[in-house]
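Geometric and topological summary
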Amino acid sequence: MPITPWVACDWRAIAVKLRQLIPFFDTTAQDWAAEARILRWLTFLWLFVGLAVMFSASYPVGDADFGDGLYYVKRQLLAVFIGMVGFNLIVHAPLRYVLGIADWFLIICLGGIIVTLLPGIGTSIGGGARWIALGPFLLQPSELIKPFLVLQSARIFGQWERLTWTTRITWVSVFGAMLVGILLQPNLSTTALCGMTLWLIALAAGLPYVYLWCTAGGGLLLATLSISLREYQRKRIMSFINPWADPSQDGYQLIQSLLAIGSGGTFGTGFGLSQQKMGYLPIQYTDFIFAVFAEEFGLVGSVLLMILILTYGTMALIVARKARTTVQRLVAIGVMVLMVGQSLLNIAVATGALPTTGLPLPFFSYGGSSMISTLISTALLIRVARESSEAEVVSLPERRSAKPAPTSNPAKERRKPASEPQNKASSEPRRFRPRNAP
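Residues numbered from 1 in each chain as written. Predicted model: local features only at pLDDT ≥ 70, side-chain atom pairs only at ≥ 80, totals over all residues. Heavy atoms only, no water.

Observations concerning empty space enclosed by the protein
Evaluated as defined, the whole model comprises one cavity of 30 Å³ or more. Each pocket or cavity is described by its volume, and for the largest cavity that value is around 80 Å³. For the largest cavity, the full set of lining residues is Glu-143, Lys-146, Leu-338, Met-339, Gln-342, Pro-362, Ser-370, Ser-373, Thr-374 and Ser-377. Looking at the lining of the largest cavity, the elements with two or more residues in it are α5 (141-158), α12 (326-350) and α13 (368-389). Of all the elements, α13 adds the most residues to the lining of the largest cavity, at four residues. Looking at the lining of the largest cavity residue by residue, the classes come out as three nonpolar, five polar and two charged. (1 Å grid on protein atoms, 1.4 Å probe; cavity = no way out; pocket = protein on both sides within 12 Å on 5 of 7 lines; lining within 4 Å. Points joined across faces, edges and corners; volume = space filled by probe spheres on them. Helix = DSSP H or I, 4+ residues; strand = E, 2+ residues; numbered from the N terminus. Nonpolar A, V, L, I, M, F, W, Y, C, P; charged D, E, K, R; others polar.)

Examining the layout of surface pockets
Its volume calculated, the second largest pocket comes out at about 370 Å³. Along the wall of the second largest pocket there are 21 residues; nearest its centre are Ile-90, Ile-101, Phe-105, Phe-148 and Ile-376. A total of seven residues in the lining of the second largest pocket trace back to one element, the largest contributor, which is helix α4 (residues 95-116). Here the lining of the second largest pocket is built from residues that sort into 18 nonpolar, three polar and no charged.

So, unusual backbone geometry
Following Gln-185, the chain continues to Pro-186 via a peptide bond in cis, the omega torsion being -5 degrees. Relative to the helices and strands, Pro-186 resides in the loop between α6 (165-183) and α7 (188-205). Residue Ile-283 is not a glycine yet carries a positive backbone phi of 40 degrees. Counting through the fold element by element, Ile-283 comes out in the loop between α10 (252-263) and α11 (289-322). Judged by its relative accessible area of 36%, Ile-283 is partly exposed. The phi dihedral of Phe-363 falls on the positive side, at around 70 degrees, and the residue is not glycine. (Buried < 20%, exposed > 50% of the residue type's maximum accessible area, 1.4 Å probe, protein only.)

Brief notes about the packing of aromatic side chains
Using the criterion set out here, one finds 22 aromatic pairs in the structure. Plain terms: the ring middles of Trp-46 and Phe-363 are 5.6 Å apart, the flat faces sit at 65 degrees to each other, and that makes the pair edge-to-face. Here Trp-46, found in helix α2 (residues 34-66), pairs with Phe-363, found in the loop between α12 and α13; they are 317 residues apart in sequence, far enough to count as distant. The exposure class of Trp-46 is buried, given its relative accessible area of 0%. Since its relative accessible area comes to 2%, Phe-363 is described here as buried. One aromatic cluster is present, built from ring pairs that chain together Phe-55, Tyr-59, Phe-271, Phe-290, Phe-293, Phe-297 and Phe-364. A cation over an aromatic ring shows up here: Arg-40 above the ring of Trp-32, its NZ or CZ 5.8 Å from the ring centre. (Phe/Tyr/Trp six-rings, centres within 6.5 Å; stacked < 30°, edge-to-face > 60°. Lys NZ or Arg CZ within 6 Å of the ring centre and 35° of its normal.)

Focus on the pattern of salt bridges
The full count for this structure, using the stated rule, is six salt bridges. Across the pair Arg-155 and Asp-103 runs a salt bridge, and its minimum N-O distance is 3.9 Å. One end of the pair, Arg-155, is in helix α5; the other, Asp-103, is in helix α4, with 52 residues separating them in the sequence. Its relative accessible area of 16% is what places Asp-103 among the buried residues. In this structure, Glu-296 engages Lys-277 in a salt bridge whose closest nitrogen and oxygen atoms are separated by 3.2 Å. Taken together, the residues Glu-296 in helix α11 and Lys-277 in the loop between α10 and α11 connect sequence positions 19 residues apart. For Glu-296, a relative accessible area of 1% translates into the label buried. (Salt bridge = Lys/Arg side-chain N within 4 Å of Asp/Glu carboxyl O.)

Points about the confidence of the model for the chain
Predicted confidence across the chain gives a mean pLDDT of 84, with 83% of residues reaching 70 or more. The low-confidence segment residues 3-9, where pLDDT is below 50, has one contact with residues more than four positions distant or belonging to other chains. In the model, residues 410-438 has pLDDT below 50 throughout and makes two contacts with residues more than four positions away in sequence or in other chains. (pLDDT = per-residue confidence, 0-100. Contact = heavy atoms within 4.5 Å.)

As structure tokens, then:
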């Protein structure tokens, strides 16, 4: 039975819609603005390099612990698939719709953070109860909350002057509860990153300096109390100052990281040929994955990675400068802080420039929640870039009463053809004859 034309058209339309769900075959991207296209390909490049490095860093551990060197890669690819679904939905949806549901997702993630603090529910790994077990998978609410924190803080601080004090106090309290909840897990590094993101978004929004300095002082006070009350955090700071004072315990991780980075030399040992990942460097596929990358790709590869990160940050600033609204500008700034700031903090920890923290390297470190959160954050930035450069459709109101009236009747001004002779009466003066003239 032959296919009717309308059925064929429907199938072609469905094929186009399905192709848009796959980022690499999305033909609509060629019509995007230059900034959006560049950010899209930078995101994919960053993602591919990160997956390759994570494969190299996790293969020995997966083979030793589970008898499958691809164990962590498979789980990471599943997180990439889920994150790509959210990525495509956001880059093709108006930002105002995403902002409209950001508060609900923020509250849900905040509830997840509180749930991790309940005994018997939160899953503890490495001394911190930061995860919720969903069968064989672990969900980390403190990672998933990051993009929605950027959206909601941009929405609140971007229209701060138009909000009532009740609304202001309510959302500032919610942000504070989120920071306290993450700090109690305990997760000082993520608390610091989220607090820094909120503070920089508020600064870019132009909030009074009194509020900013008071919140900065309160954050430093909370960090000081956390370090003074938790012994392991004090040991991390002491080992950061002099890791060789205790090379077999507190300073062991940093020393092995520095040995890996130094062993890379100029061009590295080669992809997959790192020696420190063979049981010497702890958690080499998460927090210290940069050390494996530096060992395998050397100084040249590390410089190229820094150029990639700085290029991404520069493009984010360009998007923020071209943003049409304050909220869009603040969203771009917040995503830049998450991506670039978190990357620099992770690299600083691996190189010994900062105390050891638990921040992952975006697109590199293993972790499903981190991967999904990162893909959603990059999609928000690309969406802002699209809306900042696309033409705005404005409906013009019909103002018939305001139209100027015609100065004369067009029908009376119709010109005669050139071949038609003109009326003599219109060109010659009128002649008057006497009434009794013959």
